[in-house]
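Residue strings, one per chain:
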Amino acid sequence: MSALNVPRGLDHLVLPVQSLEAARERLTTLGFTVAPDARHPFGTENACVFFADDTYLEPLAIASREDCEAAAKTGNVFLARDQAFRFRNGPEGLSAIVVKTDDAEADHRRFLGEGCSAGPLLHFERMFKMADGSEVLGGFKLAFAADLRAPDFFLFACERVNPLPADRGAMARHANGALGLSTVVLGEDNPSDFQYLLEEVFEQRAVEAHSFGLSLQSANVTVEVLTPAGLSGYFGLDTEDCGRGLKGRLIVIKVADIGVTEQLLAAKGIVFSRRGARLVVPHEVGQGVPFVFEEVR
């Protein structure tokens with residue numbers, strides 16, 4: 001735990017997608033504002049959805065397969081894990097949770113010491129285009145953590161070396177009323193098997209166990225690991241063939257007015273269902289995983 005005994009906050013989620021074109025079309029139809037396409041120096045590209053709470057979604061696509069393969073061979077954990085995920089699961093999903101950090105190198109040493117490091121530190125830079133067309137250089141250091149029993153999911157700490165503007169203006173305003181991330185839901189037959197990994201990455205020892213899994217409260221977002229029965233009961237997800245190991249299952253997004261969100265989805269012809277006060281939008285190409293919308297109370 002950090003010196004102030006404050007758990008880590010979630011920074012963003014990595015969503016492998018088939019193509020940025022498909023992701024942009026789908027996410028825009030769902031009422032999100034999507035940032036301009038941006039390319040990593042190692043062959044992947046993204047088109048992010050930024051929220052006012054300083055979290056974001058990172059739809060991730062392959063821009064150059066040759067560059068990706070070359071980077072993975074030289075020890076780029078981000079690329080190696082993405083390639084493995086797509087090989088085992090196809091081009092769409094939720095592959096990683098990313099936490100905020102001010103010192104990725106210290107996190108890397110900590111992960112090594114605790115036996116949960118997924119590989120060497122990664123440092124890279126890329127240009128970021130703002131809503132007004134201006135560009136800024138963003139730098140990042142990533143420290144990776146994983147469990148060999150969960151080949152389809154990993155976590156990493158992200159240090160923003162050259163911090164991007166916290167206020168992204170129009171890019172953080174969404175027609176569907178989205179304000180930020182509420183909950184990230186993972187699936188696993190026996191959630192407690194992966195409790196230690198989550199505790200270590202989030203620096204949060206207060207984990208609530210219940211009959212359908214476990215819940216961890218980070219500094220800003222709840223992380224839940226649910227059994228197949230929990231996923232079905234809470235969200236109506238059919239995960240009978242999910243197998244063992246952590247898997248990203250769905251994302252809960254907080255909105256200002258669920259009525260506004262529902263009207264937009266209906267007007268756009270989006271298929272969704274109601275589960276209590278929540279709206280569940282099943283996965284479609286470009287979306288990664290199912291999205292759930294809930295109103296901030």
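First things first, this report covers the structure right here in the doc. All values reported here derive from a predicted model rather than from experimental measurement.

Cut-offs applied
- Residues numbered from 1 in each chain as written.
- Predicted model: local features only at pLDDT ≥ 70, side-chain atom pairs only at ≥ 80, totals over all residues.
- Heavy atoms only, no water.
- Buried < 20%, exposed > 50% of the residue type's maximum accessible area, 1.4 Å probe, protein only.
- Helix = DSSP H or I, 4+ residues; strand = E, 2+ residues; numbered from the N terminus.
- Pairing = 2+ DSSP bridges.
- Axes fitted to C-alpha atoms, helices over the stretch in contact; angles between N-to-C directions.
- Contact = heavy atoms within 4.5 Å.
- Disulfide = S-S within 2.5 Å.
- Phe/Tyr/Trp six-rings, centres within 6.5 Å; stacked < 30°, edge-to-face > 60°.
- Lys NZ or Arg CZ within 6 Å of the ring centre and 35° of its normal.

## Focus: the pairing of strand β1 (residues 10-16)
Within β1, seven of the seven residues are buried, leaving the element largely enclosed by the surrounding structure. Relative to strand β6 (residues 96-101), β1 runs antiparallel, the two sharing four bridges. In the sheet register, Leu-10 faces β6, and the bridge partner there is Val-99. Two elements, β1 and strand β5 (residues 56-62), share five bridges in a ladder whose sense is parallel.

## Here we look at the sheet that holds strand β16 (residues 278-281)
Taken together, eight strands build an open sheet; the order of strands is β11-β12-β13-β10-β14-β17-β16-β15 and the sheet is mixed. Of all the strands in the sheet, the pair left with one neighbour each is β11 (207-210) and β15 (273-275). For this sheet, the mean inter-axis angle between neighbouring strands, taken without regard to orientation, is 25 degrees. With three bridges joining them, β15 and β16 adopt antiparallel strand pairing. For Ser-273, the partnering residue across the bridge sits in β16 and is Val-280. Of the strands in this sheet, β11, β12 (213-217) and β13 (222-226) touch helix α5 (residues 195-202), which is tilted by about 5 degrees from β12.

## Details of the side chain of Thr-261
Of note, Thr-261 is situated in helix α7 (residues 258-267). Among the residues examined, Thr-261 registers a relative accessible area of 0% and is labelled buried. When near neighbours in sequence (up to four residues on either side) are disregarded, Thr-261 contacts Asn-176, Val-255, Leu-279 and Phe-293.

## Quick word on the state of the cysteines
What is meant by a disulfide is a covalent connection between two cysteines, made through their sulfur atoms. This model, assessed by the stated rule, comprises zero disulfides. Cys-48 takes part in no disulfide bond, and the closest cysteine sulfur to it belongs to Cys-158, at a distance of 11 Å. Exposure remark for Cys-48: the relative accessible area of 2% places this residue in the buried category.

## Some points on the packing of aromatic side chains
Geometry of an aromatic ring pair is reported as the spacing of the ring centres plus the angle between the planes. On inspection of all chains with the given rule, the structure shows 13 aromatic pairs. Summarising the aromatic geometry, the rings of Phe-42 and Phe-78 are spaced 5.9 Å apart at their centres and angled 55 degrees between planes, so their arrangement reads as tilted. Residue Phe-42 is found in the loop between β2 (38-39) and β3 (44-46), and its partner Phe-78 is found in helix α3 (residues 77-89); the two are separated by 36 residues along the sequence. Measuring from ring centre to ring centre gives 5.0 Å for Phe-50 and Tyr-56, while their planes differ by 45 degrees; the resulting arrangement is tilted. Across the pair, Tyr-56 and Phe-50 agree in class, each one buried. A connected cluster of aromatic rings, assembled from ring pairs, spans Phe-42, Phe-78, Phe-124, Phe-140, Phe-144, Phe-154 and Phe-156. Positioned above the aromatic ring of Phe-194 is the side chain of Arg-149, whose terminal nitrogen or guanidinium carbon lies 4.9 Å from the ring centre.

Everything listed here is a matter of coordinates, which is why it stays silent on function.
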